Amino acid sequence: MKKFRHIYIEEEILNHPKTISILEKNPNSQKIIIKNYKTFFNRANQNFQIQKQDMKLILAKKKDNFLYDGSDFSNNFGNKNFYYNTLILNCVYNCEYCYLQGMFNSGNIVIFVNIEDFFSSTKLKLNDDMFLCISYETDLLAFEELTGFVREWILFSYDFSNLKIELRTKSNLFNQISDLKPNPNFILAWTLSPEIVIKLHEEKTPTLNRRIESIQEAIKLGWSVRICLDPILHFENWKFEYTNLIKIIFEKIEIDKLLDISIGTFRINKDFLKKMKKLRPDSKILHYPFQLENEATYKKTKKDEILFELKQILIQKFSEEKIYLS
Ligand code: SF4
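Position labels on residues start from 1 in each chain and follow its written sequence. Since the coordinates come from a predicted model, pLDDT governs what is reported: local features require at least 70, and pairs of side-chain atoms require 80 or more to be given and counted, while whole-chain, interface and lining totals use all residues.

## Some thoughts on unusual backbone geometry
And step 1. Cis geometry marks the peptide bond from Asp230 to Pro231, where omega comes out at 10°.
And step 2. Structurally, the position occupied by Pro231 is in strand S13 (residues 224-232).
And step 3. Here the phi dihedral of Asn90 falls at roughly 85°; this positive angle occurs in a residue that is not glycine.
And step 4. In this text, helices come from DSSP runs of H or I with a minimum length of four residues, and strands from runs of E with a minimum of two, each type numbered from the N-terminal end. Mapped onto the elements of the fold, Asn90 is located in the loop between strand S6 (88-89) and strand S7 (94-95).
And step 5. A positive phi angle, near 55°, is found at Glu137, a position not held by glycine.
And step 6. With respect to the secondary-structure elements, Glu137 resides in the loop between strand S9 (130-133) and helix H6 (144-147).

## Structural notes on the nonpolar core
And step 1. In these notes, a nonpolar core means any group of buried Ala, Val, Leu, Ile, Met, Phe, Trp, Tyr and Cys residues linked to one another through C-beta atoms within 7 Å. Residues are called buried when their C-beta atom has 20 or more other C-beta atoms within 10 Å, exposed when it has 12 or fewer, and partly exposed otherwise; all C-beta atoms are positioned from the backbone. The biggest cluster of nonpolar side chains holds 78 residues, and the ones touching the most others in it are Ile58, Leu59, Val110, Ile111, Leu140, Leu167 and Leu229.
And step 2. Distance between backbone-placed C-beta atoms decides contact: two residues are in contact if it is within 7 Å. If sequence neighbours within four positions are ignored, Leu167 has contacts with Ile134, Ser135, Leu140, Leu141, Val150, Ile187, Leu188 and Ala189.

## A short note on the environment of Ser71
And step 1. One can find Ser71 in the loop between strand S4 (68-69) and strand S5 (82-84).
And step 2. Between the alpha carbons of Ser71 and Glu305 there is a distance of 24 Å; along the sequence they are 234 residues apart.

## Considering helix H1 (residues 17-24)
And step 1. All of the buried residues in H1 are Lys18, Thr19 and Ile22. Looking straight down H1, one finds its buried side chains confined to an arc of 100°; they lie on one side. Turned more than 90 degrees away from the buried face of H1 sit Pro17, Ile20 and Glu24, all of them exposed. Arc definition: it is the arc formed by the directions from the helix axis to the C-beta atoms.

In structure tokens, the structure reads:
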């Protein structure tokens, strides 16, 4: 992965083993010691998109909120006790529709090095079944060469049969974890989009083919794989492009081995959208005439049409019970 020219490091975690290993992988970076990441990251009047062009890395210690209640914008796939965590803030990719642009003031990346505290908090809540999403507010697998966090979560998961983990990704870096024993409760969830959407709206992400190669390999090795067609964007040729995507999935992936498929149309927090539209005044996706209620989304009739049409195509070859709609 790309080397960082500047790395800001909180004084308190200078000697943390993860800090040392990340710094070793960026030997030529300029290192700047800081007291608290929030002073840099949360500062007002930063330009998210300008910062994305030359992202700085910030290494910090997370002090609280190691688990958040699952978001209303996400599917819990029928699981109770749905949580997510945030080991990293921001992403190496730069999708045009990404809500992080609306959520954070800064486009720089924060890595919380104290993964052991995330593990302890998770253990404390694990009396009952838990569904935990570990790739929120980032794409965790895309950072794997730098952090090794996914590997550590997989190793952690072996000890807890009541813990179901989802790793959502657009990365093609499955090879980083492919030597590990698959855990059926550790779900590798790939987001797929039509090639044209990837090219135009998912800047810096791997091509559809490269994502599919990772999926093929993961299935071959026995991993639980979920495919997410989410967010589905509405544009002139949406039906043709998404139908074609499903055709490619049917052709290239052993779909009977998939855990499930989730499909969901684009939806976003209204306040985030306002900020994102200012950052991307030319974006047709973001300047769409959305219906604004609790969230910004397509009109119900449009949303229902998209989900219905795509589900009809999916159920020609894939079990209806294993399709989740958002
Ligand atoms: S991969 Fe996800 S987190 Fe990363 S930029 Fe795209 S939408 Fe945002």
